Amino acid sequence: MASMRQGWGIQVRVIHALIIRELITRFGRENIGFLWIMVEPLLFALLVGLLWRGMKGPLEFGLDIVAFVVTGYIPLVLFRSSIGRAVNAFTANGSFLYHRQIKILDLILVRFIVELIGHMMAYLFMALVLGALGFFPWPYDLGFLILGWFYYALFTLAVTLVIAPLSEMSEVLEKVIPVTVYMMIPFSGAFYLVSSLVPAAAEVVLYSPPVHAMEMMRYGVFGPSIDPQYDFSYPLAFSLPCLALGLLLCRKVRRRLVVE
Amino acid sequence: MIICENLSKSYPAGHGRKQILKNINLTIKPGERVALLGRNGAGKSTLIKQIGGVELPDRGRIIRTMTSSWPIGFNGGFQGSLTGYDNARFIARIYGVSYGEIREYVEDFTELGKSLGMPVKTYSSGMRARLAFALSLAIEFDCYLIDEVILVGDSKFQDRCREELFRKRADRALLIASHDMHIVLELCEKAIIIEDGLSYTYSSVQSAVDAYLEK
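Residues numbered from 1 in each chain as written. Chains lettered and ligands numbered in written order. Predicted model: local features only at pLDDT ≥ 70, side-chain atom pairs only at ≥ 80, totals over all residues. Heavy atoms only, no water.

## Quick notes on the overall build of chain A
Here's step 1: What chain A contains, in helices and strands, is 10 helices and 2 strands.
Here's step 2: Against the globule reference of 18 Å for 260 residues, chain A gives a C-alpha radius of gyration of 19 Å, in line with a compact fold.
Here's step 3: The principal-axis extent of the C-alpha atoms belonging to chain A is close to 55 × 45 × 40 Å.
Here's step 4: The buried share of chain A, taken over its 260 residues, is 52%. (Helix = DSSP H or I, 4+ residues; strand = E, 2+ residues; numbered from the N terminus. Rg over C-alpha atoms; globule rule 2.2 N^0.38 Å. Buried < 20%, exposed > 50% of the residue type's maximum accessible area, 1.4 Å probe, protein only.)

## A look at the interface of chain A and chain B
Here's step 1: The interface of chain A with chain B comprises 24 residues on the first partner and 30 residues on the second.
Here's step 2: Both faces considered, chain A and chain B share a buried interface measuring about 2,400 Å² in area, 53% of it formed by carbon and sulfur atoms.
Here's step 3: Looking at the side of chain A facing chain B, the largest losses of area belong to Y98, H99 and R100 of chain A, adding up to 29% of the total buried there.
Here's step 4: Counting the contacts that link chain A with chain B gives 0 salt bridges.
Here's step 5: Mapped by element, the contributors of at least two residues to the side of chain A that touches chain B are α1 (2-27) and α10 (233-256) of chain A.
Here's step 6: Top element by residues in the side of chain A that touches chain B is α1 of chain A. It accounts for 9 residues.
Here's step 7: Its residues assigned to classes, the side of chain A that touches chain B comprises 12 nonpolar, 5 polar and 7 charged. (Contact = heavy atoms within 4.5 Å. Buried area = accessible area lost by both parts, 1.4 Å probe. Salt bridge = Lys/Arg side-chain N within 4 Å of Asp/Glu carboxyl O. Nonpolar A, V, L, I, M, F, W, Y, C, P; charged D, E, K, R; others polar.)

## With respect to the nonpolar core
Here's step 1: Counting 135 residues, the largest nonpolar core has F90 of chain A together with F133 and I146 of chain B as the members making the most contacts within it.
Here's step 2: Of the residues forming this core, the biggest block, 15 residues, is contributed by helix α6 (residues 142-169) of chain A.
Here's step 3: The next biggest cluster of nonpolar side chains, apart from the first, holds 24 residues, and it includes L26, L47, M66 and C143 of chain B. (Core = buried A, V, L, I, M, F, W, Y, C linked by side-chain atoms within 4.5 Å.)

## Details of the layout of surface pockets
Here's step 1: Estimated volume of the largest pocket: approximately 480 Å³.
Here's step 2: Around the largest pocket sit 18 residues that line it, and K103, R254 and R255 of chain A together with G53 and L56 of chain B are the ones nearest its centre.
Here's step 3: By residue number, the principal contributor to the lining of the largest pocket is α10 of chain A, which donates 4 residues.
Here's step 4: Across the lining of the largest pocket, the residue classes break down as 7 nonpolar, 2 polar and 9 charged. (1 Å grid on protein atoms, 1.4 Å probe; cavity = no way out; pocket = protein on both sides within 12 Å on 5 of 7 lines; lining within 4 Å. Points joined across faces, edges and corners; volume = space filled by probe spheres on them.)

## Regarding the side chain of S178 of chain B
Here's step 1: When you line up the elements, S178 of chain B lands in the loop between β6 (173-177) and α6 (181-187).
Here's step 2: There is a polar contact of 3.0 Å between the side chain of S178 of chain B and the backbone nitrogen of D180 of chain B. (Polar contact = N/O pair within 3.5 Å; in protein donor to acceptor, adjacent residues only side chain to side chain.)

## Details of helix α7 (residues 205-214) of chain B
All names here are of chain B.
Here's step 1: Of the positions making up α7, those classed as buried are V205, A208, V209, A211 and Y212. Down the axis of α7, the smallest arc covering the buried residues is 165°, so these residues share one side. In α7, the exposed residues that point more than 90 degrees away from the buried face are L213 and E214.
Here's step 2: In the core, the buried residues of α7 are packed alongside β3 (33-37), α6, β7 (190-195) and β8 (198-202).
Here's step 3: Structurally, the start of α7 carries an N-cap: the backbone nitrogen of Q206 is 3.4 Å from a side-chain oxygen of S204. (Arc of directions from axis to C-beta.)

## A word on the environment of P241 of chain A
Residues and elements named next belong to chain A.
Here's step 1: Mapping P241 onto the fold places it in helix α10.
Here's step 2: Given a relative accessible area of 47%, P241 falls into the partly exposed group.
Here's step 3: Each C-alpha atom, one on P241 and one on L76, is 22 Å from the other, the two residues being 165 residues apart in sequence.

## Comments concerning the pairing of strand β2 (residues 16-28) of chain B
On a regular strand, each side chain points to the face opposite its neighbour's, so the side chains alternate between the two faces of the sheet.
Here's step 1: Sheet topology places strand β1 (residues 2-13) of chain B next to β2 of chain B; 9 bridges connect them, and they run antiparallel. When the sheet's bridge partners are listed, S10 of chain B is paired in β2 of chain B with Q19 of chain B. (Pairing = 2+ DSSP bridges.)

Listed below in structure tokens is the structure:
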């Protein structure tokens, strides 16, 4: 029991130190510093939201269009940048492996946590600002919103854990990943409601775990009017084995990792 | 004690793999100062990385019953994009020691002054060596793994290294990879020659040096 507590203590120290290092190297200490982590997703979501509003008018599926786009786009950007940060994460951070208490899992976890915090902050900030201006509703069910985020984050982390070791094993994969991430857009559930799709299409997209998570989040924000389509167990049945596979691959790749 | 049993390690080379370490057996007892001799490319750094746990061997095992430092060299162990101070803070955090103490020690030992506030990638190799040494000596280990970097720099810094490593920490074990036979003869009590991926242990440093220089 004592050694477990000790191990936990080391784990917390390592993650803490790595997060601070990540924030300093990526964003520096100048001007707004680490707050930059939410600027990119914020700008992305806002610009795309305004673009849609300009093209399609103020409403989409009876919801405010900017709120609709923002709720879809920020999680999608989380997925995209998490994968981007996972590629070659071990090689880029090789010098950390000089310290035996830092495991390669910590390296992926830290990059993911920083992305997650940044995107959740962007989401919250956006909701508050749009809400104050009257373009974003008070969440219908906060619990569902959080649950949806949890499912979305779990899926993202699981995929990240698989991509990071694979990108070290194959150079082809490393080059192809950025393109395939774009293919995820229709399967992220960001730009439609499942209930608005034709049944055949709805059936297909529901094979994608993040669609379930997105529907939960949107239900949490907008309420039953969107007629959410989700399943509690399917996304887990996908993400958990994926997570396990990722852990196995990490273990395998650690053996052959060459550290400068 | 640190014991390596039948250690082997290869690196990818083109389509195949190059066998660097074939069958390494060695023991470092507490307080023992061991020299690691070998030509450039013989696998000294590779061996030190395996012992330090930076890389994992293909086969064989390493038994550690005492704590060992990370491999102390010009690279690794610190972050080029961070300043000297940030590196000290990072080391303090992950090893769970107080930053105040480390900071004081690093300032005093490296004598780098304002440069400690600059990114490490702007440092010369002499400055890096000073920082690497200071950071690792600021943490107490039973065994220090030193890769080439020992006693570089000016004579004042060399004296400082001797003082810290061989007098204040006379009870610690050391594994030193070095090409400087004077240092090896002066400081070590045992030597290991690495050649063709195999290890040869000599209990007399003089005979090891003679054998090494003959090759």
